[in-house]
Amino acid sequence: AYNVACRFEEADARLTEASGLWRELGNMPMLNDNLNTLLLNLVWSGKYEKALEVAQESLEVSRATKNIWAQGWPHHLQGQIWFEYGEINKAFEELEASVRLAVEANTPIHTKWYGAYLCWAYVQIGAVQKGMDLYRTTRVPNQEVPAAPAWTPTVVIYALCEIATGQLDLAASSLGARHLTNSISDYALKLAQCRLALARKDHTQAIAIVDPVLENIRQFKINQYLPEALFLKGQAHLMNGKQDLAKAAFEQARLAAEALGSRRLLWQILAALTGVESDNGKSSALKSQAREIIQFIADHINGDEMRSQFLQSEGVSGLMA
């Protein structure tokens, strides 16, 4: 309950207390559940390194107790973290494992949830055809997406795929089918709505969405979403011709992405900064740094085809030319 209310320090204290009790009692299934709940706390608050450690312990416990259902969650979250880090090979190993385990455990909620994220991962890395082929074979109507906690993240991911492929009306329908729940799941929904507004060239709507989101993210220290929110704010200001405000937002986004270790976002933020930096020397240095990150990501993609698709994808190809 504290987690969902974004009261992470209180959540951490209760989970730590509980884990000690479960260990003392020798109740491994409940320790497993406790660790998986702690994973949410750590990912939302942007403590990725600690989250990877906890995920490994959770997997050890779930394997020892032969709990297939509990194994999918740490694999899924590890996949998200490795994707942020630009470790694409590791990311897809984990994401594919999470889908496979959800199917094996016969949990339709997680099968759809994890499967949707796998589609989005392919789209983000430039393998759009593969991602959308998977989307078309696994997409279910909004009303058939299982209930909370999977509803919002699953439909938001569908919408992100739709926005990325220019299906803006469909994305609007997807996002409009879900009402705000006054919980942490709202943040992903609002940021997707902001992306949709930007895709529609509506910078006024984008700012109206992202400003209160940023205020809450900072207040509650939901660091997972901070760099993306700042990046989207910068894009909205840039669209409105306010380069100084855009640059300020991109600079803040850069610091937030660096703090998270998010290469996925950092190269995009640096690329945006090159366009608003008036000093040619600084702009050149930013471009070089973005290229280094892109090359790191490319070097961590198995398979010539997918690596080539990433290097030829929108944004990447221009920087690497």
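Predicted model only: the values in this text are computed from it and were never measured.

The subject of this paragraph is the overall build of the protein. Within the protein, the secondary structure is distributed over 17 helices and 0 strands. A compact globule built from 321 residues would reach a C-alpha radius of gyration of about 20 Å, and the protein, at 20 Å, matches this within 12%. With the principal axes as the frame, the protein shows a C-alpha extent of 65 × 40 × 40 Å. The proportion of buried residues among the 321 residues of the protein is 50%. Restricting to contacts in the protein with at least 6 residues of sequence separation, those with at least 24 account for 58%. Charge-centre separation for the protein: the mean point of 30 positive side chains lies 2 Å from the mean point of 35 negative side chains.

Summed over all chains, the structure comprises 13 salt bridges. The shortest N-O distance in the salt bridge between Arg7 and Glu10 comes to 2.7 Å. Owing to a relative accessible area of 31%, Glu10 belongs among the partly exposed residues under this scheme. Across the salt bridge formed by Lys233 and Asp211, the nearest N and O atoms sit 3.0 Å from each other.

Turning to the packing of aromatic side chains, a few remarks are in order. Throughout the structure, instances matching the rule amount to 11 aromatic pairs. Judged by centre distance (6.4 Å) and plane angle (20 degrees), the rings of Tyr187 and Tyr225 are stacked. Of this pair, Tyr187 sits in helix α10 (residues 185–199) while Tyr225 sits in the loop between α11 (203–220) and α12 (226–239), placing them 38 residues apart in sequence. Under the relative-accessibility criterion, Tyr225 is labelled buried at 14%. Taken together through their ring pairs, the aromatic side chains of Tyr48, Trp82 and Tyr85 make up a single cluster. For Lys90, the ring lying beneath its charged end belongs to Trp82, and the centroid distance is 4.2 Å. The ring of Phe296 carries the charged tip of Arg263 above its face, separated from the ring centre by 3.7 Å.

The next subject is the side chain of Asn36. You can see Asn36 is positioned in helix α2 (residues 28–44). In this view, Asn36 contacts Ser58, Ala70, Trp73 and Pro74; residues no more than four positions away in its chain are not counted.

Calculation notes
- Residues numbered from 1 in each chain as written.
- Predicted model: local features only at pLDDT ≥ 70, side-chain atom pairs only at ≥ 80, totals over all residues.
- Heavy atoms only, no water.
- Helix = DSSP H or I, 4+ residues; strand = E, 2+ residues; numbered from the N terminus.
- Rg over C-alpha atoms; globule rule 2.2 N^0.38 Å.
- Buried < 20%, exposed > 50% of the residue type's maximum accessible area, 1.4 Å probe, protein only.
- Contact = heavy atoms within 4.5 Å.
- Lys, Arg positive; Asp, Glu negative; His and termini not counted.
- Charge placed at Lys NZ, Arg CZ, Asp CG, Glu CD.
- Salt bridge = Lys/Arg side-chain N within 4 Å of Asp/Glu carboxyl O.
- Phe/Tyr/Trp six-rings, centres within 6.5 Å; stacked < 30°, edge-to-face > 60°.
- Lys NZ or Arg CZ within 6 Å of the ring centre and 35° of its normal.

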